[in-house]
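In case you want the letters, here they are:
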Amino acid sequence: MTETYIPSVYVPPTGAVVPKLDRKTLKVGDLIPTLTRPGDYQLWNRYAAVNHEFAGHHMDDSVGHHEGFEAAIGMGPFIHALLHTLLREWVGEDVGRVAKVGMQSRRPWIRGRTLTEGGKVTAIREEGGELIVSLELWGDNDKGERLVIGEGEVALPA
Amino acid sequence: MTVETLISPEMAAAVGREYEWATSYPIDPVSIRNWSVAMYYPEKPPRLYWDEDYARTTRWGGLVAPEEFNPFAWMRADPPGNMGPEASRPWPELNLGIPCPDFKANIFAGLVVTHTGVRMRPGDVIKSAVNLAGYHEKQGRLGLMLFTTREDRWTNQKGELVRVSRSDLIRYL
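Residues numbered from 1 in each chain as written. Chains lettered and ligands numbered in written order. Predicted model: local features only at pLDDT ≥ 70, side-chain atom pairs only at ≥ 80, totals over all residues. Heavy atoms only, no water.

(A) Examining the pairing of strand 4 (residues 130-141) of chain A more closely. Residues and elements named next belong to chain A. In terms of burial, strand 4 is largely enclosed, as 11 of its 12 residues are buried. Note that strand 3 (residues 114-127) and strand 4 share 12 bridges and pair antiparallel. Residue Ala123 lies in a different strand from strand 4, and its bridge partner there is Ser134. From the end of strand 3 to the start of strand 4, which pair antiparallel, there are 2 residues, and Gly128 there has a positive phi angle of about 55°. By the bridge criterion, 11 bridges tie strand 4 to strand 5 (residues 146-157) in an arrangement that is antiparallel. (Buried < 20%, exposed > 50% of the residue type's maximum accessible area, 1.4 Å probe, protein only. Helix = DSSP H or I, 4+ residues; strand = E, 2+ residues; numbered from the N terminus. Pairing = 2+ DSSP bridges.)

This is how it looks when you write it as structure tokens:
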């Protein structure tokens, strides 16, 4: 039986401080702060508006049902784009940059489910005048199911 | 009947060929601002993406777009009147003018984007050139699956490489 969908209610975070990458203490195995987003039309429609993503299964629960899902599903490119936001929040967009983001889909992001993305440092190297930090990335829903796996790199001036 | 391969000689010979090109309109700061709001909602996006005075004080020297920004959403400058995703096909054979099997399904499998460090800025015009990077096959629960890799290279008006993306599409009969 599918669970009843309950629209989420937003309580925008206030004064939350996201810890930034600290190159003095950075080491392989470090976990970076997670990024959480509700699976909701409030977010999906904003992304649809800027990226022209209007497939029916992103906009309408009945289309999602028709395709075999519990409800509408979130856009894969949005999950990929949010991995960039996850990395920027950690590296600091004024200081570093996102150099690479790879992602493979495992399960759909069902409307009403919360997405939490995270990452772990896997390697650190210098290349071309930059400090390159490699990470393993993932995105899970609030049932603990893995929706995406991937890898990323951020770059800072060496 | 067992299908031994989904890759015809014509398809194999087409690997490496470019088959789709596009040019963006000049990037507008409004588009960057809107994109950043969508990426950070319900939080406020960083000032780097909407406050020109602030952005000038950073290492970037002015407004830049978030790395994942898509200047080809909605209409493109070239081909003229092209409405973007609805006008393009993720599978390459149609554009290459070669036959391919009549596949039942097309599924997004994965995407790897490499950003070179050349940032997209207001006024930039981005060109996209897509090539067929390769095919490979794998047996799956639904039979033989064809993986098609497309590579999309973006350059700016100075000819600088901005990003390279490789995406995989799964198709089966």
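Now that the structure has been shown, the text picks up again.
(B) Looking closely at empty space enclosed by the protein. In the structure shown here, the tally under the stated rule is 1 cavity of 30 Å³ or more. Approximately 70 Å³ is the volume attributed to the largest cavity. As for the largest cavity, its lining consists of Arg97(A), Val98(A), Ala65(B), Pro66(B), Glu67(B), His115(B), Thr116(B), Gly117(B), Val118(B), Arg119(B), Met120(B) and Val162(B). The class makeup of the residues in the lining of the largest cavity is 6 nonpolar, 3 polar and 3 charged. (1 Å grid on protein atoms, 1.4 Å probe; cavity = no way out; pocket = protein on both sides within 12 Å on 5 of 7 lines; lining within 4 Å. Points joined across faces, edges and corners; volume = space filled by probe spheres on them. Nonpolar A, V, L, I, M, F, W, Y, C, P; charged D, E, K, R; others polar.)

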